[in-house]
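Residue strings, one per chain:
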Amino acid sequence: MADTWNTDTGEAVYRSRDAIKNLIIRVRVERVTSTAALSKHLQQKVLSQPGGGAIELETLTSSGQTGDNEEELVVGWQEKLFSQYEMELFQNESACQTPLDRQYHAEVKALNKAKGRRNQRIFTYTDHDRYTSCLALHQLTSSDLLSTTKSSPTFLAERMASVRHRRQDRRTIDGSVPKSKIVNWEPTAEFVKTSHVVNNAMQTMHIMGDLAPAGKMGQKENEYLLVTIKTDCSGTVIVKPDFNNDKEPYRIVTAGDKREVWRLTVKNMCTTMQPEEKEREQNVYKDLYGRHKEYLNSLVGQDFEMPPVGILRYMMNGEIVSAKGFEYNNLYIHFFMELPNNWSSLPFQTLSGVTQTCWAKTLGKENVAFFSYPFSFEAFYMSEKESEESIPQWPVIYFKVLSLDSWQRFRTEGYGYLLFPAMPGKQTITCHTWRPLQTGTVSALRRFFIGGSPELEDHSYVRIPGTFKGERLSRFGFCTETTGSVTFNLHCIQQARAFVDASMLKKRRQKVIDQLGGFSQQGAVCTILEAFQRARKKMQEARESLPRDLLHTTSQLQVESSA
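All figures in this text were calculated on a predicted structure; none of them were measured in a lab. (Residues numbered from 1 in each chain as written. Predicted model: local features only at pLDDT ≥ 70, side-chain atom pairs only at ≥ 80, totals over all residues. Heavy atoms only, no water.)

Visitor: How do you make sense of the overall build of the protein chain when you look at a structure like this?
Guide: On a plain count of helices and strands, the protein chain comes out with 15 helices and 19 strands. Looking at the 563 residues of the protein chain, the share that counts as buried comes to 32%. Intrachain contacts of the protein chain at a sequence separation of at least 6 include 74% that bridge at least 24 residues. (Helix = DSSP H or I, 4+ residues; strand = E, 2+ residues; numbered from the N terminus. Buried < 20%, exposed > 50% of the residue type's maximum accessible area, 1.4 Å probe, protein only. Contact = heavy atoms within 4.5 Å.)

Okay, here's the thing in structure tokens:
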């Protein structure tokens, strides 16, 4: 008689919002032997005959033999069912070493006083049992127990089989995180096993079977793993092997000389939620989430923190992304902010910073150093004197790129500046740099052998020096060399009471705070007006420098053309 078997013994992953304690599984094991098959065949044959052969059938299917050949049990989540080996082990109080062992000892005594245990061959190992973390690798990954297609465990499966699914706590006794040795340059095998593997906190339960021949139960070598159930706090349930449902049973072949064959059937016995109950549960969740939202609103409040009237609040969360195109490697950047007139910052606000040293990597034809250095800045603008012709000034970030080699030689690689964006939002800006150049061979040799190069005493000279008061800034005779570029990612936020008052937006903006409102149209108008004023001034100077007879001839030509 040929039987069909289910060979798909892989694990199945389920996700549920229900509590894991409601999980109920029915497990059935049945021995496939010639006697059992003959008994089943005769039973079906006799039952088909009306009233004949009842004595022979009763002889062949005695109660004791049926209990040895098959067993069916309904198991709940983390329900402890003792095996024959555990019943004999925990009877002696001297074998109990832990509080859990003593608890099992009391439960075994209570079972012996009562009618006994309801299971014979099927038992469980819960998450708290010491056997759960001590099961051998071949018990967890072997393909001899369940007849499957030939497959070998992967490298990750072998590593994960020896990892206990507990959360690795790296905190010290006082609860603080150790700051020393953040990077382990020489990790051991144990460190790699416990730290370099995704190790979520999971609860495990094993459903086992004592598949020993009749009269030899209670021996560890006859215990076989039937079903493994794992779950985590996010509602993920992993079952191996999967529920049979309407599929064929699994095939288990025992070890030893006899190599008996058993059928395994696994079925989910959880009751399906009715539509009324599901709707009631959804209403409860909606009410719960609504109450939680109201509670959070009560903590946060309905009003945002607003700056005083006439003050613009400017917040920037920036990142120094990368630097490329520089002559030497192992770069770092020193930067600081300069606040113009009428700008201020908080007393504890840091206005400067230094990145880490970064070794560049080759991308195409460029050497790029990726810093990913974050920084944040907050400033306030308040105008004291109003002037229609004055254009508001924005803060500036001045930065200097330097290099450091293995001989501790410093070299200045470039200077640059970044003007705070006038419009809020996310912007990516690339700033090009230059460095002072001293002509001659001696300067080049000094830079190569001992480091050092000409530097700026005033970093604001990169843009317009703060001490400059004249009309024209001349840099004639100052030699520079183009170097590389630095890329910034900026996220800017502007906040003012004028933004909230919609009626003010309809009026003519007469205050500087409105010019600094961050509106793109206003910024574009300011730029156009400034360019127009410069062009008009240049045109007037050009007309004044021309000869009067040329101007008179031009005016006559215009009159004739109009006529």
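Visitor: What am I meant to see in helix α5 (residues 99-113) here?
Guide: Turn by turn, an α-helix covers 3.6 residues, leaving residues three or four places apart pointing in a common direction. In this model α5 runs 21 Å from its N-terminal to its C-terminal C-alpha over 15 residues, within 8% of the 21 Å that 1.5 Å per residue would give. Along α5, the residues classified as buried are D101, Y104, H105 and V108. Angular distribution of buried residues about the axis of α5 spans 110°; they occupy a single face of the element. In α5, the exposed positions angled more than 90 degrees off the buried face are occupied by P99 and K113. Packed against the buried residues of α5 are α4 (84-89). (Expected span 1.5 Å × (residues − 1). Arc of directions from axis to C-beta.)

Visitor: What exactly am I supposed to notice about the pattern of salt bridges here?
Guide: Two side chains that carry opposite charge are able to pair once their charged atoms sit near each other. Within this structure, the stated rule accounts for 18 salt bridges. One salt bridge in this structure joins E30 and R263, with 3.6 Å as the shortest N-O distance. With E30 in strand β2 (residues 24-32) and R263 in strand β9 (residues 261-268), this pair connects stretches of sequence that are 233 residues apart. As far as the burial class goes, E30 and R263 line up, both buried. Ionic pairing is found between E413 and R447, a salt bridge with its closest N-O pair at 3.2 Å. (Salt bridge = Lys/Arg side-chain N within 4 Å of Asp/Glu carboxyl O.)

Visitor: How do you make sense of the sheet that holds β2 when you look at a structure like this?
Guide: Each strand in a sheet pairs with its neighbour through backbone hydrogen bonds, running either in the same direction (parallel) or in the opposite one (antiparallel). The sheet built from four strands is open, its strands ordered β3-β2-β9-β8 with antiparallel pairing. Every other strand in the sheet has two partners, leaving β3 (70-76) and β8 (250-253) as the edge strands with one partner each. The mean angle between the axes of side-by-side strands here comes to 25°, regardless of whether they run parallel or antiparallel. Looking at chain direction, β8 and β9 are connected through four bridges and run antiparallel. What sits directly across from V253, in β9, is V261. (Pairing = 2+ DSSP bridges. Axes fitted to C-alpha atoms, helices over the stretch in contact; angles between N-to-C directions.)

Visitor: How do you make sense of a nonpolar patch on the surface when you look at a structure like this?
Guide: On the surface, a nonpolar cluster with roughly 430 Å² of combined accessible area is contributed by Y295, L296, L299 and V300. Along the chain, L299 falls in helix α9 (residues 275-300). The class of L299 is exposed, set by a relative accessible area of 56%. (Patch = residues over 30% accessible without salt bridge, like charges linked within 9 Å, V, L, I, M, F, W, Y side chains within 5 Å. Areas by Shrake-Rupley, 256 points an atom, 1.4 Å probe, with all protein chains shown as cover.)

Visitor: What is the right way to read unusual backbone geometry from this model?
Guide: Of the consecutive residues K240 and P241, the connecting peptide bond is found in the cis state with omega at -5°. Take P241: it is sitting in the loop between β7 (236-240) and β8. One non-glycine residue, N330, lies in positive phi territory at about 60°. Its place among the elements puts N330 in the loop between β10 (311-324) and β11 (331-338). Positive phi outside glycine occurs at N342, with the angle close to 70°. The residue N342 is located in the loop between β11 and β12 (343-345) in this model.

Visitor: Which parts of the structure should I look at to understand the nonpolar core?
Guide: In summary, soluble globular proteins display a tendency toward joint burial of nonpolar side chains. Membership of the largest hydrophobic core comes to 31 residues, with the highest contact counts inside it found for F375, V486 and F488. Elements represented by at least two residues in this core include exactly β10, β11, β15 (366-382), β16 (396-404) and β19 (480-495). Per-element accounting of this core gives the leading share, six residues, to β15. Sequence-distant contacts of F488, defined by excluding residues within four places in its chain, comprise E319, I320, V321, F375, F399, L418, Q427, T428, I429 and C431. Grouped together as the second largest cluster of nonpolar side chains are 28 residues, V27, W77, L81 and I229 included. (Core = buried A, V, L, I, M, F, W, Y, C linked by side-chain atoms within 4.5 Å.)

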